[in-house]
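# Structural features, examined
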Amino acid sequence: MTDIFDELQWRGLVAQTTDEAALRKALSTGPVTLYCGFDPTAPSLHFGNLVQLVVLRRLQRAGHRVLCLVGGSTGLIGDPRPSAERVLKTKETTAEWVARIAEQVRPFLDFEGPNAARIVNNLDWTAPISALDFLRDVGKHFRVNHMVRKEAVAARLESSEGISYTEFSYQLLQALDFLHLYREHGCTLQTGGQDQWGNLTAGVDLVHKAEGRSVHAFTTPLLTDSAGNKFGKSEGNAVWLSPELTSPYAFYQYWVNVEDASVVSLLKVFTDLDRDEIAQLERQVEQEPYRRMAQRTLAEEVTALVHGAAATAAARAAAEALFGAGSLAALDARTLREATSELPGGPVSAGTSIVEALVTVGLADSRNGARRAIADGGASVNNVRVTDPELVLAEEHFLHGVALLKKGRRHLAAARLAERQS
């Protein structure tokens, strides 16, 4: 596709725009300088940030100039949430997280060439401004009766807790970012998530009032599953882009387990597959859903984008080995540990019988039940079927300290080698 805005729309990446016709014209006649901000509210970016990163990536590939803003100042304040006041992080923690996020975005963008991306930190231009100058030069352009209509602010005003002046002022800080980047870099477009619409339009309005120029903003939709649940949450935990917070294996498995009803839309958002390739995968979802070809393709593409080809290959090998299609012994210690970390199980000493081990890890409710599972041919150790109920687990059964026990095809548990008592 030659029209990047058409491509973004086809991929489901446009929710709201300030002026679609004007934005479309600007992008088609470009290049446009644009920015998206990432606040350091955690030591890592997460699923929601990945949506913005792929938008920036696509726009840069279309020839536009990308400014990736890490919020050293806005991160000290915190965008107001509808539910409660944020706990402010120390300046030292915020600075550390700014540095981490700045490094985390680098693999997604090209920082060389004629339209090289740039990383900017809004603390650089916010910190030198005095409170009086901020109120005179920025605050005078805002009307409180308009600011209180922002959804999160309105919700907090209705609550018993209310909202602090600190968080109430957040949208002025973000608006100042747009004004500064317009003045310093000729930036005329800001992108963000749908929940950021009020902050984005505040920046558009400030540029118009302070400079008399029209600039643009568009948001991406909130991604939800067929039940309306927000993607990127797994049992209450965010899907992080950092391998320390969400392992490459867990990240890979998250995408493998996406429901059929959502996988095609996620392929459009997060992969570079074209219309024909995605249409083919969509047909496979309809005709052969049990093969989960679309989910495996999604997992391969997105894990490679975030963690690289080597980590993707290791995650795929671990997934195959856990369910008997590969060798557990071929996995390195970290990958095996990550692949079994969320399995039920418990400590088991070398020299423990297989019958006792099956009970200990929860795959059998009694010794007799364990013996029946073995007699029926449904028990295995490291994907090797157990036929002898008198088998004793030796140290060599524990690969990197873990023995994979299985009952039937889908019930897995990890026997973790117990430390010897001195």
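Below is a short write-up of the structure. Quick caveat: nothing in here was measured; it's all calculated off a predicted structure. (Residues numbered from 1 in each chain as written. Predicted model: local features only at pLDDT ≥ 70, side-chain atom pairs only at ≥ 80, totals over all residues. Heavy atoms only, no water.)

### A word on helix α11 (residues 170-185)
Helix length check: α11, at 16 residues, gives a terminal C-alpha distance of 22 Å against a target of 22 Å (1.5 Å per residue), a fit within 8%. Of all 16 residues that make up α11, 12 are buried, and the element is covered over most of its length. All buried positions along α11 are accounted for by Tyr170, Gln171, Leu172, Leu173, Gln174, Ala175, Leu176, Asp177, Phe178, Leu179, Leu181 and Tyr182. Positioned one or two residues after α11, Gly186 has a phi angle of 70°, which is positive. (Helix = DSSP H or I, 4+ residues; strand = E, 2+ residues; numbered from the N terminus. Expected span 1.5 Å × (residues − 1). Buried < 20%, exposed > 50% of the residue type's maximum accessible area, 1.4 Å probe, protein only.)

### What to know about the nonpolar core
Grouped together as the largest cluster of nonpolar side chains are 75 residues, with contacts concentrated most on Leu50, Trp255 and Phe270. If sequence neighbours within four positions are ignored, Phe270 has contacts with Phe47, Leu50, Val51, Val54, Arg58, Leu223, Trp255, Val302 and Leu305. If you look at the next biggest cluster of nonpolar residues, it comprises 28 residues, including Val138, Tyr182, Leu206 and Val215. (Core = buried A, V, L, I, M, F, W, Y, C linked by side-chain atoms within 4.5 Å. Contact = heavy atoms within 4.5 Å.)

### Some details on the environment of Leu109
Looking at the secondary structure, you find Leu109 in the loop between α5 (91-105) and β4 (118-121). Assessed through its relative accessible area of 8%, Leu109 is described here as buried. In this structure the C-alpha to C-alpha distance between Leu109 and Cys68, which are 41 residues apart in sequence, comes to 9.2 Å. If we skip the residues at most four places from it in the chain, Leu109 touches Leu56, Arg57, Gln60, Val66, Cys68 and Ala117.

### Comments concerning the side chain of Gln52
Topologically, Gln52 is positioned in helix α3 (residues 47-61). Among the polar contacts listed, one links the side chain of Gln52 to the side chain of Thr220, at a separation of 2.7 Å. If near-sequence neighbours (up to four positions away) are discounted, Gln52 is found in contact with Cys36, Phe38, Thr191, Gly192, Gly193 and Thr220. (Polar contact = N/O pair within 3.5 Å; in protein donor to acceptor, adjacent residues only side chain to side chain.)

### What to know about the pairing of strand β13 (residues 411-417)
Both strand β9 (residues 345-348) and β13 contribute to a ladder of 4 bridges, which runs parallel. Counted as the bridge partner of Val348 is Leu417 from β13. Inspection of the sheet shows strand β12 (residues 402-407) paired to β13 by 6 bridges, in the antiparallel sense. Of the residues in β13, the one forming a bridge with Ala403 is Ala415. Between the end of β12 and the start of β13, which pair antiparallel, lie 3 residues, with Gly408 showing a positive phi angle near 75°. (Pairing = 2+ DSSP bridges.)

### A closer look at unusual backbone geometry
A cis amide bond, omega 10°, links Gly30 with the succeeding residue Pro31. Of note, the phi angle at Asn383 is positive, near 70°, even though the residue is not glycine. Positionally, Asn383 belongs in the loop between β10 (379-381) and β11 (384-385). Within the chain, His400 stands out as a residue other than glycine whose phi angle is a positive 55°.

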